[in-house]
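# Results of the structural survey
Here's the letter readout for the chains.
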Amino acid sequence: MRDSILTIPISEILEPKDGCPICRMRDMLEQRTVEYIMGAAMMEPDVRIETNRAGFCHTHFQQMMKQKNRLSLALMLQTHLAEVDNRLFSRKKLFEPKNARKAKLSQINESCFVCEKVDWGMERLMRTFFEMFSNDDIKKMLSEQEYICLPHYDLLQSLAPVYLQKRELDSFMKMISALTEKYAASLYDDVSRYCSMYDYRNAGSGADWGNSKDSIERAIKFLTSRN
């Protein structure tokens, strides 16, 4: 398959053999969107209209807080808060439906500018990902991944029947099931070992923790797709 502007990101995402590749896909889109919104785009009127409307979820607020330009975040918060005040607390308009403000409140609480952009990008990258699955190199790269996290295992199972023919679908499902099941079993062993290390019989400086010391963090990442 010839590389293109669409296929190159998929190949790059599958090159590492560390963690879940769909998490890496999402993380890449999140990083690019956060860097974009915290940079010069913050001053673009059409972008600010969208951020004022949508706001940001807790996860993406935390990512924005880690960026160096806190003034950009403060300016976006300033105009977003003004938008919230106008939509929820300004004088009630004549003929405004009874539950209109409750609907607006729910909309504000459930929307996020970064989530919207990431969802848009994920939809297109996932379509390309499935189109590339017929390529043997892509199949090999996918089969060599460390694991598929549980939320993205669910996502792939939902999308695969939409994009793949039956022959490809069967092999794809077996592949992602094997990756997920194998890692889940190894996680169980590591978490169990971690728990057993607190037994008095395993006390002492020479106790062998094996791969269990970071098993809690890895289990949470596997179960939620987030660190």
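Okay, so let's go over this structure. (Residues numbered from 1 in each chain as written. Predicted model: local features only at pLDDT ≥ 70, side-chain atom pairs only at ≥ 80, totals over all residues. Heavy atoms only, no water.)

## Let's talk about the environment of N227
Summarising the element assignment, N227 is placed in the segment after helix 11 (215-224). Under the relative-accessibility criterion, N227 is labelled exposed at 84%. In sequence terms N227 and N69 are 158 residues apart; their C-alpha atoms lie 23 Å from each other. (Helix = DSSP H or I, 4+ residues; strand = E, 2+ residues; numbered from the N terminus. Buried < 20%, exposed > 50% of the residue type's maximum accessible area, 1.4 Å probe, protein only.)

## Observations concerning the packing of helix 7 (residues 113-132) against helix 9 (residues 150-163)
Axis separation between helix 7 and helix 9 bottoms out at 10 Å; the angle between their running directions is 60°. As summarised for this structure, helix 7 and helix 9 are arranged oblique, according to the angle between their axes. By crossing handedness, the relation of helix 7 to helix 9 is classed as right-handed. Counting all contacts with helix 7, which are made through M122, E123, M126, R127, F129 and F130, the residues of helix 9 involved are L155, L156, L159, A160 and Y163. (Axes fitted to C-alpha atoms, helices over the stretch in contact; angles between N-to-C directions. Parallel < 35°, antiparallel > 145°, perpendicular 65-115°, else oblique. Left-handed = near helix turned anticlockwise from the far one by under 90°. Contact = heavy atoms within 4.5 Å.)

## What about the pattern of salt bridges?
In total, this model carries 14 salt bridges according to the counting rule given. Here R53 makes a salt bridge to E116, at a shortest N to O gap of 2.8 Å. With R53 in helix 3 (residues 45-54) and E116 in helix 7, this pair connects stretches of sequence that are 63 residues apart. Overall, R53 belongs to the partly exposed group, its relative accessible area being 31%. When the shortest N-O distance is used, the salt bridge between E144 and K140 registers 2.5 Å. The network of salt bridges with common partners includes R26, D27, E30 and R226. (Salt bridge = Lys/Arg side-chain N within 4 Å of Asp/Glu carboxyl O.)

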